[in-house]
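Breakdown of the fold
Spelled out from the first residue to the last, the chains are:
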Amino acid sequence: MLWTAQEAAEATGGRATSDWAVNGVSIDTRTLEKGDLFVALKAARDGHDFVAQALEAGAGAALVTHIPEGVADDAPLLIVDDVLNGLEAMGRAARARMNGTVVAVTGSVGKTSTKEMLRTVLSGQGKTHAAVASYNNHWGVPLTLARMPRDTDFAVIEIGMSNPGEIAPLAKLARPHLAMITTVAPAHLAAFESLAGIAHEKAAIFEGLEPNGIAVFNGDLEVSSILEGAARSHAKALISFGESETNAVRLSDVSIGDATTVAKARVDDQNLLFKVAVPGRHFAMNATGVIAIAEALDLELAIALSDLGQWSAGAGRGLREVIWLDPADPRPTLELIDDAYNSNPASLGASLEVLAAAEVKNEMGRIAQGRRIAYLGDMKELGKDEVALHAALADLAAMKNIQKIHCVGPLMRALHDALPTDKRGRWTETSQDMAEGIRHDLDAGDVVLAKGSLSMGMARVVDAIRKLGHPAPNSNEGTI
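Because the structure is a prediction, the values reported are computed rather than measured. (Residues numbered from 1 in each chain as written. Predicted model: local features only at pLDDT ≥ 70, side-chain atom pairs only at ≥ 80, totals over all residues. Heavy atoms only, no water.)

1. Brief notes about the overall build of the protein chain
Here is the rule: Each helix is a run of DSSP H or I of at least 4 residues and each strand a run of E of at least 2, with the numbering of both proceeding from the N terminus. Taken over C-alpha atoms, the radius of gyration is set against a globule rule of 2.2 Å times the number of residues to the power 0.38. Throughout, a residue-residue contact means that at least one pair of heavy atoms, one from each residue, lies within 4.5 Å. For accessible areas, the Shrake-Rupley method is used with a probe of radius 1.4 Å. Any residue's cover is judged against the shown protein chains and nothing else.
A count of helices and strands for the protein chain gives 17 helices and 23 strands. What you see for the protein chain is a C-alpha radius of gyration of 24 Å, in line with the 23 Å of a compact globule of 480 residues. Counting only C-alpha atoms and orienting by the principal axes, one finds that the protein chain spans roughly 70 × 60 × 45 Å. Of the contacts made within the protein chain by residues no fewer than 6 positions apart, 63% connect residues no fewer than 24 positions apart. Accessible surface, the protein chain as shown: approximately 19900 Å² in total, 47% of it carbon and sulfur.

Structure (structure tokens):
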């Protein structure tokens, strides 16, 4: 059992209505599994409205502030003063009873992919726990901790932020032995106004380090000195990674293929050849940080590098799919790069580089010339320079190898206007409007990228592209 009623009551100071036990923790009745503790958080709706439904679906108990309407007085409950505080207390208790190693990850770009790289690498060396999704905020971090089995060898905790002051409390809750910052880039500028402000907030992850903790950070950034300064204040050891010679772990010889990236990392006096099954220099950079952590943990590096080479990204984060356009003929295909989950200038630039390097196929469709095509939605929370940052995308070197750019949203209108006429595709206010014209945009042989901030709903564009045909077998082997 993950939690008994007595353990949960002791952790939270709450009152258990009966002697129950649970083997999981859930905040959503749609994904709840039998035997889970349902946590009645208040978000868009009050979770107490779903307690009866959760118990009927097989929840082992529910964390609540009161007995909800329609729930029996003897139902298995844990009653606390505040549900979120109760979840945090359970997370704190789960962390305290775990004797393994905790790694925390933050960064403007690449948090989730790096978390998944670490999960892949650490799973080959011990029992590893990490969130199933991007659970990196004020409820996601305590939820991840509360779900952590007590016999975990390695835990990977992703920590994010939207506003100042959010990272330090979460880092102190996670109490990592190692903390990593992937990069610092323009994102959430509406809240921070400067890259230095973002760097100081990201560097707050080091405040949660355990005694003798290790700080791992990107040493190639404009603001790396800020990260290093914070690391020196809170860590016993510092490890920088990047491409410059001053870094402790140095990335070199990066070779980007259509579906893989091969590179070298110099660690101490040895050159390590490694591969990730995804194209993109940014993935190789984050993998270098993962190698730095593997070295710091004294893992079996041969096994770690082999496992790292098996990592692939998930849907919405660069998943690559080959779409069969004719069910009777496997030859006419197009390739979809689904990166629709989120976007900021740094991550979009990296994705456009991958698209620009993708191999198209000719002599296949009505046009007979494969093209690289992008569907780009607004990048949100960029502050007063948001229009200029969108327009500036037109000047990226990658744009030279992209034949058509379709734009979605009022901010992307600035990019649309800045593009050369021959590259300028359609502009629409919404992703739904864009999706309705997809069939006329694409042809066999094309490689297509879809990317935008989550609120832009670029998944609708992805779905419309998928509906042009159906995924080819084993088409998800290459991802970005």
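This is not the end of the story, as more comes after the structure.
2. A look at the sheet that holds strand 12 (residues 214–218)
Keep this limit in mind: Strands are labelled as partners when DSSP assigns at least two bridges between them. Where helices are involved, their axes are fitted lines through C-alpha atoms of the stretch in contact, as for all axes, and angles between N-to-C directions lie from 0 to 180°.
Here nine strands make up an open sheet; going across it, the order is 9-10-8-11-12-13-14-15-16 and the pairing mixed. Of all the strands in the sheet, the pair left with one neighbour each is strand 9 (128–130) and strand 16 (270–276). The average undirected angle you get between the axes of adjacent strands in this sheet is 20°. Across three bridges, the pairing between strand 9 and strand 10 (residues 154–158) is parallel. Across the sheet, residue A130 finds its bridge partner in strand 10, namely V156. Contacts from helix 4 (residues 111–123) reach strand 8 (101–106), strand 9, strand 10 and strand 11 (178–181) within the one sheet, and its direction differs from that of strand 10 by about 175°.

3. A look at the side chain of S351
For clarity, the cut-off: The classification of residues rests on relative accessible area computed with a 1.4 Å probe and restricted to protein chains. Under 20% of the type maximum is buried, over 50% is exposed, and intermediate values are partly exposed.
Tracing the backbone through its elements, the reader meets S351 in helix 12 (residues 345–357). With a relative accessible area of 2%, S351 lands in the buried category.

4. Topic: the packing of aromatic side chains
What counts here: To pair, rings of Phe, Tyr and Trp, with the six-membered ring standing in for Trp, must have centres within 6.5 Å; the planes then decide the type, stacked if under 30 degrees apart, edge-to-face if over 60, and tilted in the middle. As a reminder, the over-ring test applies to NZ of lysine and CZ of arginine, requiring each to be within 6 Å of the ring centre and within 35 degrees of the ring normal.
This structure, assessed with the given rule, holds two aromatic pairs. Here Y135 and W139 contribute two aromatic rings whose centre-to-centre distance is 5.4 Å and whose plane-to-plane angle is 55°, an arrangement assigned as tilted. Owing to a relative accessible area of 23%, W139 belongs among the partly exposed residues under this scheme. Considering the side-chain rings of F283 and W311, the 5.5 Å spacing of their centres and the 55° angle between planes classify their relative orientation as tilted. One end of the pair, F283, is in helix 10 (residues 281–296); the other, W311, is in the loop between helix 11 (301–308) and strand 17 (319–326), with 28 residues separating them in the sequence. Here the two residues F283 and W311 agree in accessibility, since each one is buried. The ring of W427 has R413 lying over it, and the distance from NZ or CZ to the ring centre is 4.4 Å.

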